[in-house]
Amino acid sequence: KHYQSICDRDSFVTAEKVKNAYLGFGEKYRMLLEAFEKFTADLKKRVGIDRSHGTWKRYRKSIDHLRSFMRKEYCVSDMPLAELEQSFIEQYHVYLKTVCRSKAGSVCRYMDRWNNNVVKISFNNGLIPRNPFAFYSYSAPTEPRTFLSEEVLRIFQTTRLKSAKHEYHRDLFLFSC
């Protein structure tokens, strides 16, 4: 199978290419953390242009969580993107909630950072045969909406603000309430 796929993809085949493909190495073989690091390095180049430093720091924190999860649960420093399965994603989700004690919204953002960027890009570029997030859904539970009390509205109404523009916007908000 590997020989045939190399024949289909490349102009020539060598024994080393077949061996590497069999072992999981090769031109189209990428590691999860390696791909995530590359994406984050590219993101750092965009800081100040169309991304903020805070965004880059959040991606670094996501990588750190993923790295510690892989060391703790799988005793590996990295894993091939091709071996990424839904069970891994579900275990990582549980890890974020239990070990990291992240709230549901944070868990969703951590999952989105590597799903929407690393995994989808790798899938779209043909580096992985399938998207492991395809049948996995997660969402933060929505908090029940609370309303302002009359007392809070009165405090808001009587507070002096810095400018007439702010007071105008406050008055519009109070009118809508």
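The coordinates are above.
The structure contained in this document is the topic of the report that follows. (Residues numbered from 1 in each chain as written. Predicted model: local features only at pLDDT ≥ 70, side-chain atom pairs only at ≥ 80, totals over all residues. Heavy atoms only, no water.)

## Things to note about the packing of aromatic side chains
- Taken as a whole and assessed by the stated rule, the structure comprises 13 aromatic pairs.
- In this arrangement the basic side chain of lysine 44 is found over the ring face of tryptophan 56, its NZ or CZ atom lying 4.0 Å from the centre.
- The ring of tyrosine 59 carries the charged tip of arginine 113 above its face, separated from the ring centre by 5.9 Å. (Phe/Tyr/Trp six-rings, centres within 6.5 Å; stacked < 30°, edge-to-face > 60°. Lys NZ or Arg CZ within 6 Å of the ring centre and 35° of its normal.)

## Some thoughts on the pattern of salt bridges
- For the structure on display, the rule yields 9 salt bridges.
- The residue aspartate 42 makes a salt bridge to lysine 45 at a minimum N-O spacing of 3.8 Å. In this pair, aspartate 42 and lysine 45 both sit in helix 3 (residues 32-45), 3 residues apart, roughly one turn of the helix.
- Judged by its relative accessible area of 32%, aspartate 42 falls in the partly exposed class.
- The partner of aspartate 64 in a salt bridge is arginine 67, with the nearest N and O atoms 3.6 Å apart. With aspartate 64 and arginine 67 both in helix 4 (residues 53-74), this residue pair falls 3 residues apart, about one helical turn.
- Judged by relative accessible area, aspartate 64 falls into the partly exposed class, the value being 41%. (Salt bridge = Lys/Arg side-chain N within 4 Å of Asp/Glu carboxyl O. Helix = DSSP H or I, 4+ residues; strand = E, 2+ residues; numbered from the N terminus. Buried < 20%, exposed > 50% of the residue type's maximum accessible area, 1.4 Å probe, protein only.)

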